[in-house]
Amino acid sequence: MQPSRLVLDRTALVANYRWHEARAGVPLAAAVKADGYGLGARPVVAALHAAGCRAFLVSTFAEADALGHPGEGASVLVLHGFTGEEEAPLAQRLPWVRPVLSTARQVARWAAAFPGRPADLMVDTGMNRLGLAPAEVAPACAAVAVAVVHSHLATADEPGHPLTERQLERFREVVAATPGAAHALANSAAIAAGPRFSFDLARPGLGLYGGRPHPASDSRPVLRLEARVLQLRTVPKGAPVGYGATWTAPRPSRIATINLGYADGVPRALAPHLSFGAGDRRCPVVGRISMDLMAVDVTEAEVSEGDWLVLEPDLARLSARSGLSQYELLTGLARRLPRTWR
Ligand SMILES: *Cc1c(COP(=O)(O)O)cnc(C)c1O
């Protein structure tokens, strides 16, 4: 038996999918890049395909290859486009994949390698990350069969930010100039912000996994961490706990050491903000988080060696308190921990 694990809630994932679908009012392409934001792309895709999702976003052809076929009638969109010939064999082997082309060179290479095969376009409307300039869109549409024209918002999670309105305006001009294609702009935050960002297809990621990037977001937690008590000790008032002796017991205390640390993706900076559940008691983390261990003050709880302590991280709250983004917290978490879907 593993001494720590990540427990994932399929019902909550699907409920979050339904919330974004209803809020957007259009079909969704679910972002499952970075191995489903660290939760595991394959089980996420299986659950969302069963819920009706027919498009999935990954970063690279290698991620599309690792994912495999997402299920009947579904497409995989590769956000980093078709960058070179070395991807041609993968594109050949994965006919359900459409690259999201973001440069004129990618457009030319795709047109030459796969004449007539559909692709999507990414247009930069002000984020200055990936994307064609609006003026490059018409020539791209002449060269390839464009299914969806995308753009991406830089500040959708900051309500009232003027850049969002400027990007929306520029995207509307692109939409007017490309009547033959479908259009997509919204990430989770923009979906929460309202249907004027929806167009034909919306692209949630974080919100599906329990993140709440916008004040109007309403996602249920999808993951919790569970770790077993490796050792229990009673320490007297004034005793230090952990590296640096940064915490000393303010009273005689029961300290549980559990098998979870920063190498499991729980950053040291979170220590003051974390507490574990033991039965109906909340038990705070004390002292510094070690690589593979941390200490929990279980003085108020009934805990025995070998018991499981449970952490249901509230991503939005932890992000606000620690300064780490909800995306970093999620994608950092799951690398080493065994994952169990319920
Ligand atoms: C990752 C990504 C998304 C999903 O964004 P969230 O903020 O996680 O909802 C949508 N569109 C693009 C282009 C992305 O790269």
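Definitions and cut-offs
- Residues numbered from 1 in each chain as written.
- Predicted model: local features only at pLDDT ≥ 70, side-chain atom pairs only at ≥ 80, totals over all residues.
- Heavy atoms only, no water.
- Helix = DSSP H or I, 4+ residues; strand = E, 2+ residues; numbered from the N terminus.
- Buried < 20%, exposed > 50% of the residue type's maximum accessible area, 1.4 Å probe, protein only.
- Contact = heavy atoms within 4.5 Å.
- Near = heavy atom within 4 Å.
- Polar contact = N/O pair within 3.5 Å; in protein donor to acceptor, adjacent residues only side chain to side chain.
- Nonpolar A, V, L, I, M, F, W, Y, C, P; charged D, E, K, R; others polar.
- Domains from an automatic or database assignment.
- Buried area = accessible area lost by both parts, 1.4 Å probe.
- Salt bridge = Lys/Arg side-chain N within 4 Å of Asp/Glu carboxyl O.
- Pairing = 2+ DSSP bridges.
- Right-handed = clockwise from strand over helix to strand, strands pointing away.

Draft legend 1. Highlighting the environment of Thr 257. Mapped onto the elements of the fold, Thr 257 is located in strand β12 (residues 253-258). Residue classification places Thr 257 among the partly exposed residues on the basis of a relative accessible area of 22%. Counting along the chain gives 41 residues from Thr 257 to Val 298, while the straight-line C-alpha distance between them is 9.8 Å. With residues up to four places along the chain from it excluded, the contact list for Thr 257 reads Arg 228, Val 229, Leu 230, Gln 231, Leu 293 and Met 294.

Draft legend 2. Structural view of the site of the ligand. In the vicinity of the ligand there are 14 residues, among which Lys 33, Tyr 37, Ser 188, Leu 206 and Tyr 327 approach most closely. Contact distances for the ligand include 3.4 Å between a nitrogen atom and a side-chain N or O atom of His 152. Within the backbone of Gly 205, a nitrogen or oxygen atom sits 2.8 Å from an oxygen atom of the ligand. Considered class by class, the residues forming the shell around the ligand number seven nonpolar, four polar and three charged.

Draft legend 3. View of the domain arrangement of the protein. Here the protein is partitioned into domain 1 (10-209) and domain 2 (223-341). Each of domain 1 and domain 2 was reduced to a C-alpha centroid, and the two centroids are 37 Å apart. Contact between domain 1 and domain 2 buries roughly 1100 Å² in total, counting both sides, with carbon and sulfur atoms accounting for 66%. Inspection of the domain 1/domain 2 interface yields one salt bridge. For Arg 339, the salt bridge identified is with Asp 35, shortest N-O distance 3.4 Å. At the junction of domain 1 and domain 2, the tally comes to two residue pairs in polar contact (both at pLDDT 80 or more). Taken together, the elements giving at least two residues each to the side of domain 1 that touches domain 2 come down to α1 (10-24), α2 (33-37) and α3 (41-50).

Draft legend 4. Seen up close, the pairing of strand β6 (residues 119-122). The alternating pattern of β6 places Ala 119 and Leu 121 and Asp 120 and Met 122 on opposite faces, both of which are buried. Across two bridges, strand β5 (residues 97-101) lies against β6 in parallel orientation. Within β6, the residue paired with Val 100 across the bridge is Asp 120. After leaving β5, the chain enters helix α6 (residues 104-113) and then returns to the sheet as β6, a path that is right-handed. As paired elements, β6 and strand β7 (residues 146-150) share three bridges and run parallel to each other. Within the sheet, the bridge partner assigned to Leu 121 lies in β7 and is Val 149.

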